[in-house]
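Here is what each chain is made of, one letter per residue.
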Amino acid sequence: MPSKDRGDAGIEGFSITRREAFQCYGCEEPISTQERYDKQRDKMTGDVKKFIENTEALSRLFQPSLKMKRWVLFVPWFDSKEIVAHAAKKTREVIAAKLPYVDSDFRVMVVQESSFSVARDQLLSTTPEGLKFQQTSVSEEEIGAWCSSNDGFVGVLKDKLSRLPTLQNDAKRDTLVLSILKWYLAGQELLERLRDYPEVYEKVMATKSHREEFLALSCLDGEASNGNLSETLKSFKNELQREVAELHSFSAQHLAAEAVADWLMRCPLTFPETVDE
């Protein structure tokens, strides 16, 4: 619903078949639960008031006899039951106004993005760019804290990298260890954010699990990508992009790096022993 010409009358748009009117709102994060509720409550209050007062404009929009069953505030997420209680209060106000475009079983509601996760994921799969996240940097302090609780994994990683003939001194090996741990921690954060997109997350994990089975089998005959770390990274990124079309190429790259780091520390990916001649 365009708002440029004398406002949007309290709705962002509406569905004719479902007879639902929508208003969208997202507050600036991060904020507390109380602040989020206050902002969502004020948005609902202001726009429901417009929905009631703009009788003439909305009657023309909903002609000839379209009666709304729902007025829905669509938000990224809400975490207070009070916004649901506030919606019930606003429902009573709208019904009391006896508006010509409101049905007898009308309700004011609040819904969050996860309620439409399937439709959202389907839409993302048709966009040319896909899911792209702002990648946060991982500090050496964070890596150190993780290593202190996971020294066994770090030991496995260092042992494997010691077999690579291209890493001929401790300095080079330590630099690569640091990079791989950054891949892992950054990728773990990205995976956590992908949980907001359940279908995408499940496809990523299924693709990773499938490749892991292949790696485990290849290690039995000593192949394991012939110890070629960059080739494993590249091929899995390509596989992710084929199997999970919703991902932006940057996201696929970060997830491939996380997978390689994970496999190096948990053993599905290994390198052949170097032989001194």
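Scroll up for the structure.
Described in the following lines is the structure provided in the data block.

1. Observations regarding the overall build of the protein chain
When helices and strands are counted, the protein chain shows 10 helices and 4 strands. Each helix and strand of the protein chain, placed in order from N terminus to C terminus, yields the pattern β-β-α-α-β-α-β-α-α-α-α-α-α-α. The buried share of the protein chain, taken over its 277 residues, is 40%. For the protein chain, the share of sequence-separated contacts (at least 6 apart) that also reach a separation of at least 24 residues comes to 76%.

2. Some remarks on the side chain of Lys90
Within the secondary structure, Lys90 is located in helix α3 (residues 81-96). Under the relative-accessibility criterion, Lys90 is labelled buried at 6%. When near neighbours in sequence (up to four residues on either side) are disregarded, Lys90 contacts Met44, Thr45, Val48 and Val108.

3. Considering the pairing of strand β2 (residues 20-24)
One ladder, built from 3 bridges, connects strand β1 (residues 13-15) with β2; its direction is antiparallel. When the bridges of β2 are listed, Ser15 appears paired with Glu20. Between β1 and the antiparallel strand that follows it, β2, lie 4 residues; Arg19 among them carries a positive phi value of about 55°. Relative to strand β3 (residues 68-75), β2 runs parallel, the two being bridged by 5 bridges. Counted as the bridge partner of Gln23 is Leu73 from β3.

4. Let's talk about a negative patch on the surface
Together, Glu140, Glu141, Glu142 and Glu189 give the surface a local cluster of negative charge. Examining the composition of the negative patch, we find that 3 residues originate from one element, helix α5 (residues 140-149), more than from any other. Here Glu189 is to be found in helix α7 (residues 170-194).

5. A few points about the nonpolar core
Membership of the largest hydrophobic core comes to 42 residues, with the highest contact counts inside it found for Leu194 and Val204. Listing elements by their share of this core, those giving two or more residues are α5, α6 (151-161), α7, α8 (198-220), α9 (229-243) and α10 (249-266). Those residues in contact with Val204, other than ones at most four positions away along the chain, are Leu191, Leu194, Leu240, Val244, Leu247 and Leu255. The next biggest cluster of nonpolar side chains, apart from the first, holds 24 residues, and it includes Tyr37, Met44, Leu66 and Val110.

6. Comments concerning empty space enclosed by the protein
As enumerated under the stated definition, the model contains 1 cavity of 30 Å³ or more in all. Computed from the structure, the largest cavity encloses a volume of approximately 30 Å³. Lining the largest cavity are Leu191, Val204, Lys208, Phe236, Leu240, Leu255, Glu258 and Ala259. Considering each element in turn, the lining of the largest cavity owes the most residues, 3 residues, to α10. Residues belonging to the lining of the largest cavity are distributed by class as follows: 6 nonpolar, no polar and 2 charged.

7. Remarks on unusual backbone geometry
Note: most residues except glycine have negative phi, and most peptide bonds are trans. Residues Glu29 and Pro30 are joined by a peptide bond in cis, for which omega reads 0°. Counting through the fold element by element, Pro30 comes out in the loop between β2 and α1 (33-53). The backbone phi angle of Lys98 is positive, close to 50°, even though this residue is not glycine. Looking at the secondary structure, you find Lys98 in the loop between α3 and β4 (102-112). Of the residues examined, Lys98 reaches a relative accessible area of 73% and is grouped as exposed.

8. Let's talk about the sheet that holds β1
Sheet architecture is open: 4 strands sit in the order β1-β2-β3-β4, paired in mixed fashion. Only two strands of the sheet have a single partner each, and these edge strands are β1 and β4. The average angle at which neighbouring strand axes cross in this sheet is 20°, direction not considered.

9. Brief notes about the environment of Gly152
Position of Gly152 among the secondary structure elements: in helix α6. For Gly152 and Arg266, which are 114 residues apart along the polypeptide, the C-alpha to C-alpha distance reads 9.7 Å.

Thresholds, definitions, all that
- Residues numbered from 1 in each chain as written.
- Predicted model: local features only at pLDDT ≥ 70, side-chain atom pairs only at ≥ 80, totals over all residues.
- Heavy atoms only, no water.
- Helix = DSSP H or I, 4+ residues; strand = E, 2+ residues; numbered from the N terminus.
- Buried < 20%, exposed > 50% of the residue type's maximum accessible area, 1.4 Å probe, protein only.
- Contact = heavy atoms within 4.5 Å.
- Pairing = 2+ DSSP bridges.
- Patch = residues over 30% accessible without salt bridge, like charges linked within 9 Å, V, L, I, M, F, W, Y side chains within 5 Å.
- Areas by Shrake-Rupley, 256 points an atom, 1.4 Å probe, with all protein chains shown as cover.
- Salt bridge = Lys/Arg side-chain N within 4 Å of Asp/Glu carboxyl O.
- Lys, Arg positive; Asp, Glu negative; His and termini not counted.
- Charge placed at Lys NZ, Arg CZ, Asp CG, Glu CD.
- Core = buried A, V, L, I, M, F, W, Y, C linked by side-chain atoms within 4.5 Å.
- 1 Å grid on protein atoms, 1.4 Å probe; cavity = no way out; pocket = protein on both sides within 12 Å on 5 of 7 lines; lining within 4 Å.
- Points joined across faces, edges and corners; volume = space filled by probe spheres on them.
- Nonpolar A, V, L, I, M, F, W, Y, C, P; charged D, E, K, R; others polar.
- Axes fitted to C-alpha atoms, helices over the stretch in contact; angles between N-to-C directions.

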